[in-house]
Amino acid sequence: MRKNIVAGNWKMNTTLQEGVALAKDVNAALEGVQPKCDVIICVPFTHLASVNAVIDANKLGLGAENCADHASGAYTGEISAAMVASTGAKYVILGHSERRQYYGETSETLKEKVALAFENGLTPIFCIGEVLEERENGTFFDVVKEQIESALFHLSAEDFGRIILAYEPVWAIGTGKTATDDQAQEMHAFIRGVIADKYGKEVADNTSILYGGSCKPTNAAALFAKPDVDGGLIGGAALKADSFMGIVTAF
Ligand code: 13P
């Protein structure tokens, strides 16, 4: 079901102690507030169980930032979807551009990760988005369409309906250069159209599509006001409870 969602992606930031403190701060800030969106924090693997112990799951969802593309076995250093789920986490970010860029993730590995996430009851927050060169040479619609088709369009309509999408133009991530609300709306509407062509209008209308890339309290309201922007995936601004809450309350 389509929902408004604000999700934090802490990336490789905070020690365990700092992370637990931040989670407590966000949890406390949500007390007595009725946000017009679901609120999720996606945290480093090492923090999951401890953060789960200090948050109110009715107010604040918990997710991982990745999971392995194998179920279990001799994959030293990897963390499986089952391990993530066993911490109490309910979400997992998959296909973030940093993982595609720096760790060679492809649609093939992402298909496996999506399947394992589902098997373990995790909701994928699946990231797509073009790099600057693709924005400038005008291929960005094709690039994003291909990312969705190649990693997700083998799914049944029912399974596709369980995915949260996050459009994150790579040129806007951590750069302070946000896509304009019109650029975000244009892409989100395009993505919804691609989904409608494959699965029909009902599935498309029920898909939550988040925007990510230098989203801040000062620009969130304009982005979230766009009809096809259902919230945000927040990096830097999720690392302080007050700026994260400034985005949560932008709805
Ligand atoms: P920033 O909000 O720091 O640009 O990061 C966005 C992002 O990559 C969230 O996944």
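Residues numbered from 1 in each chain as written. Predicted model: local features only at pLDDT ≥ 70, side-chain atom pairs only at ≥ 80, totals over all residues. Heavy atoms only, no water.

Caption draft 1: Up close: the site of the ligand. What surrounds the ligand is the set Asn 9, Lys 11, His 96, Glu 168, Ala 172, Ile 173, Gly 174, Gly 213, Ser 214, Leu 233, Gly 235 and Gly 236. Within the side chain of Asn 9, an N or O atom sits 3.0 Å from an oxygen atom of the ligand. For the ligand, whose accessible area on its own is 310 Å², the fraction buried by protein is 95%. Here the ligand occupies the second largest pocket. For the shell around the ligand, a count of residues per class yields three nonpolar, seven polar and two charged. (Near = heavy atom within 4 Å. Polar contact = N/O pair within 3.5 Å; in protein donor to acceptor, adjacent residues only side chain to side chain. Areas by Shrake-Rupley, 256 points an atom, 1.4 Å probe, with all protein chains shown as cover. 1 Å grid on protein atoms, 1.4 Å probe; cavity = no way out; pocket = protein on both sides within 12 Å on 5 of 7 lines; lining within 4 Å. Sits in = over half its atoms within 2 Å of the grid points. Nonpolar A, V, L, I, M, F, W, Y, C, P; charged D, E, K, R; others polar.)

Caption draft 2: Up close: the packing of aromatic side chains. Using the criterion set out here, one finds seven aromatic pairs in the structure. A centroid spacing of 4.6 Å and a plane angle of 45 degrees characterise the contact between Phe 141 and Phe 190, whose relative ring orientation is tilted. With Phe 141 in helix α7 (residues 140-152) and Phe 190 in helix α9 (residues 181-199), this residue pair connects regions lying 49 residues apart in the sequence. Residue Phe 141 is classed as partly exposed on the basis of its relative accessible area of 22%. (Phe/Tyr/Trp six-rings, centres within 6.5 Å; stacked < 30°, edge-to-face > 60°. Helix = DSSP H or I, 4+ residues; strand = E, 2+ residues; numbered from the N terminus. Buried < 20%, exposed > 50% of the residue type's maximum accessible area, 1.4 Å probe, protein only.)

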